[in-house]
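Geometric and topological summary
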Amino acid sequence: MLDGLQEGLQEGLKRDLAMKHMINRLESFKEWPFQSDCNCTPLSMAEAGLYHCPTDTSPDLVRCFVCGLELDWWDPADIPWEEHAKFTEGCPWIAKKLSEKMGTKKMLMAMMEICTFILKRWANVLLDKQQEYRQFVREKIEREVLKMKKK
Ligand SMILES: [Zn+2]
């Protein structure tokens with residue numbers, strides 16, 4: 001159970017880290033329904049830190065590579081930047097955008113903060129899953145003990 005889980009988590013972390021490159025985010029929008037003449041073009045989506053990760057049930061699903069926020073049901077009039085800011089809880093990508101005129105050194109610091117944020121987020125996911133797994137094992141043991149007591 002934990003093996004497959006860890007693999008899944010590693011994949012997710014790897015993907016998010018790869019998406020810190022603008023070009024990778026842009027490339028994810030090849031099948032994006034709103035290519036031009038609207039607010040949520042691939043370029044403005046990618047600039048807002050988002051990448052396209054469509055599923056069967058939600059073909060316009062996007063995710064922020066930093067905070068992991070997922071958004072769908074896009075309207076051509078939506079401004080990616082504002083949508084991201086509206087629904088996230090303290091995404092550092094938003095903070096970076098808000099201080100646009102930072103020097104190179106500050107930009108590097110902000111980028112490091114962003115990478116740390118991604119790692120922490122995935123570490124938390126892993127901890128949650130481990131806790132779930134421990135609970136699962138504990139309950140299993142308790143059931144076995146109960147069974148043995150009944151015998
Ligand atoms: Zn975000």
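To start, this report covers the structure provided alongside it. (Residues numbered from 1 in each chain as written. Predicted model: local features only at pLDDT ≥ 70, side-chain atom pairs only at ≥ 80, totals over all residues. Heavy atoms only, no water.)

1. Notes on the overall build of the chain
Within the chain one finds six helices and three strands. Element order for the chain, N to C, with α for helix and β for strand: α-α-α-β-β-β-α-α-α. In terms of C-alpha radius of gyration, the chain reaches 20 Å, well past the compact-globule figure of 15 Å for 151 residues. Once the C-alpha set of the chain is aligned to its principal axes, its extents read approximately 70 × 40 × 25 Å. When contacts within the chain are restricted to residue pairs at least 6 apart in sequence, long-range pairs at least 24 apart make up 49% of them. Surface summary for the chain: the accessible area is close to 10300 Å², and the carbon and sulfur share equals 57%. (Helix = DSSP H or I, 4+ residues; strand = E, 2+ residues; numbered from the N terminus. Rg over C-alpha atoms; globule rule 2.2 N^0.38 Å. Contact = heavy atoms within 4.5 Å. Areas by Shrake-Rupley, 256 points an atom, 1.4 Å probe, with all protein chains shown as cover.)

2. Regarding the pattern of salt bridges
Inspection of every chain in the model, using the stated rule, returns six salt bridges. As a salt-bridge pair, Glu11 and Lys14 come within 3.5 Å of each other at their nearest N and O atoms. Highlighted residues: Glu11 and Lys14, both in helix α1 (residues 2–18), separated by three residues, approximately one helical turn. Between Arg121 and Asp16 there is a salt bridge; the shortest N-O distance is 2.7 Å. (Salt bridge = Lys/Arg side-chain N within 4 Å of Asp/Glu carboxyl O.)

3. Here we look at the coordination of the zinc ion
At this site the zinc ion is bound by Cys64 (SG), Cys67 (SG), His84 (NE2) and Cys91 (SG), with donor distances of 2.1 to 2.3 Å. Coordination geometry of the zinc ion: the four donor atoms subtend angles of 103 to 114 degrees at the metal centre, consistent with an arrangement described as tetrahedral. The motif formed by the donor residues of the zinc ion, counted along the single chain, is C-x2-C-x16-H-x6-C. (Donors = N, O, S within 2.8 Å, 3.2 Å for Na, K, Ca; no water. Tetrahedral: all angles 85-135°; square planar, octahedral: opposite > 155°, others 65-115°.)

4. Considerations on helix α6 (residues 104–150)
With 47 residues, α6 should reach 69 Å at 1.5 Å per residue; the first-to-last C-alpha distance of 69 Å fits that figure. Taken together, the buried positions of α6 are Ala110, Ile114, Cys115, Ile118, Arg121 and Trp122. (Expected span 1.5 Å × (residues − 1). Buried < 20%, exposed > 50% of the residue type's maximum accessible area, 1.4 Å probe, protein only.)

5. Let's talk about the sheet that holds strand β3 (residues 70–71)
Judged by pairing direction, the sheet is antiparallel, and its three strands sit side by side in the order β1-β2-β3 without closing on themselves. Strands with a single pairing partner mark the edges of an open sheet, and in this sheet they are β1 (50–52) and β3. Bridge count for strand β2 (residues 62–64) against β3 is two bridges, and the pairing is antiparallel. Bridge pairing links Arg63 to Glu70 in β3. (Pairing = 2+ DSSP bridges.)

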